[in-house]
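Summary of structural features
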Amino acid sequence: MGGTAEQIELINLTRQEGGEQQGDAADDAALELALRSFDARNATCTLEEDCSRLLSVIESAFGGVGRFNEQLRAVLLQTWASSQKRSQAGTPAARSGRNQNLEATAET
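Treat the numbers as computed from the prediction; the structure is a model and nothing was measured.

**What about the environment of Phe38?**
Note on placement: Phe38 falls in the loop between helix 1 (25-36) and helix 2 (48-62). What makes Phe38 partly exposed here is its relative accessible area of 30%. C-alpha separation for the pair Phe38 and Leu72, spaced 34 residues apart in sequence, amounts to 8.4 Å. Setting aside residues up to four positions removed in sequence, Phe38 forms contacts with Phe68, Asn69, Leu72 and Arg73.

Structure, rendered in structure tokens:
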């Protein structure tokens with residue numbers, strides 16, 4: 001608590017072949033969809049009381065799970081877009097409208 005989005009580090013866990021990461025557009029699309037559709041209500045816990053407790057904390061701290069989801073999605077999408085820019089610096093993909101669209105969505 002109390003940190004900033006800039007302190008978050010996303011680690012890309014794409015497939016590897018021959019020691020090189022083999023991420024592709026399908027991997028990026030799947031990750032983007034997962035980030036955009038994240039919902040804390042779908043979280044699972046070993047113990048049901050853990051889920052209830054976590055959702056209660058979220059409810060108290062954020063005023064509802066929906067608000068928590070919105071804020072978390074925005075931070076994760078912003079962080080992901082920034083990491084995409086860093087990893088693709090200088091390539092045509094880094095300058096594409098796709099990354100700009102992610103940033104615009106993250107700011108809303």
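**Observations concerning helix 1**
Its twelve residues place the ends of helix 1 16 Å apart at the C-alpha level, agreeing with the 16 Å of an ideal helix rising 1.5 Å per residue. Within the sequence span of helix 1, burial applies to Asp28, Glu32 and Leu35. The arc enclosing the buried residues of helix 1, seen along the axis, measures out at 65°, which places them on a common side. Of the exposed residues in helix 1, those oriented more than 90 degrees away from the buried face are Ala26 and Leu33.

**Some thoughts on the pattern of salt bridges**
Following the criterion strictly, the structure yields three salt bridges and no others. Among the ionic pairs, Arg36 bridges to Glu32, the shortest N-O distance being 2.9 Å. On the criterion of helical spacing, the pair formed by Arg36 and Glu32 is a turn pair, its members being four residues apart in helix 1. The buried category is assigned to Glu32, whose relative accessible area is 15%.

How each quantity is defined
Residues numbered from 1 in each chain as written. Predicted model: local features only at pLDDT ≥ 70, side-chain atom pairs only at ≥ 80, totals over all residues. Heavy atoms only, no water. Helix = DSSP H or I, 4+ residues; strand = E, 2+ residues; numbered from the N terminus. Buried < 20%, exposed > 50% of the residue type's maximum accessible area, 1.4 Å probe, protein only. Contact = heavy atoms within 4.5 Å. Expected span 1.5 Å × (residues − 1). Arc of directions from axis to C-beta. Salt bridge = Lys/Arg side-chain N within 4 Å of Asp/Glu carboxyl O.

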